[in-house]
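The chain contents come next:
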Amino acid sequence: MNLLNGIDKTKCDIRITNLDPDEFGKDRMHINSVTALTKGGGKYGISIVCNNADKFGIILSLNAIPYYTKLYDNLIAENDLVQWYSRFGFKRINSNNGVFAYMSNLMVRYAVI
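All of these numbers come straight from a predicted model, not from anything done at the bench.

A.B. asks: Pulling in residues and values, what's your account of the packing of aromatic side chains?
C.D. replies: The final tally for this structure, using the stated rule, is three aromatic pairs. Three or more aromatic residues joined by ring pairs form one cluster here, namely Trp84, Tyr85, Phe88 and Phe90. Sitting above the plane of the Tyr44 ring, Lys11 keeps its charged end 4.6 Å from the centroid.

In structure tokens:
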């Protein structure tokens, strides 16, 4: 199953890693990065990935960590990025444990079947 199927790579670059199934046998994939190459490219790409995940019943996860892009010449605020992913059905997983501080922006999206 290829969640990137149908994405025009001139609009968006998305990197995904397959994960082991969860304890209930559900397939999971982690979105490592979403890079918009055109205005609206991120929305375009993540919409396709989410629709494909729904078709296959795949759980998606990601870390909502902003990074600089030449296209926008700035960083989006972390809270704005979390809200942006929320529009696609991602929910923030609270992790206040200092050992897992890097996971404080971990978000999960369950397939809509």
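We are not done yet, so read on.
A.B. asks: With reference to specific residues and values, describe the environment of Ile48.
C.D. replies: As for its placement among the helices and strands, Ile48 is situated in helix α1 (residues 41-56). Note: C-alpha distance between Ile48 and Gly6 (42 residues apart in sequence) is 7.2 Å. In this structure Ile48 touches Leu3, Asn5, Gly6 and Ile7, once residues within four positions along its chain are discounted.

A.B. asks: So what's going on with the pairing of strand β5 (residues 106-109)? Residues and values would help.
C.D. replies: Residue alternation in β5 divides its side chains into two sets, Leu106 and Val108 and Met107 and Arg109, and both sets are buried. Sheet topology places strand β3 (residues 59-63) next to β5; four bridges connect them, and they run antiparallel. Residue pairing across strands places Ser61 opposite Val108, the latter belonging to β5. Sheet topology places strand β4 (residues 91-92) next to β5; two bridges connect them, and they run antiparallel. Counterpart to Arg92 in the pairing with β5 is Met107.

Parameters at a glance
- Residues numbered from 1 in each chain as written.
- Predicted model: local features only at pLDDT ≥ 70, side-chain atom pairs only at ≥ 80, totals over all residues.
- Heavy atoms only, no water.
- Phe/Tyr/Trp six-rings, centres within 6.5 Å; stacked < 30°, edge-to-face > 60°.
- Lys NZ or Arg CZ within 6 Å of the ring centre and 35° of its normal.
- Helix = DSSP H or I, 4+ residues; strand = E, 2+ residues; numbered from the N terminus.
- Contact = heavy atoms within 4.5 Å.
- Buried < 20%, exposed > 50% of the residue type's maximum accessible area, 1.4 Å probe, protein only.
- Pairing = 2+ DSSP bridges.

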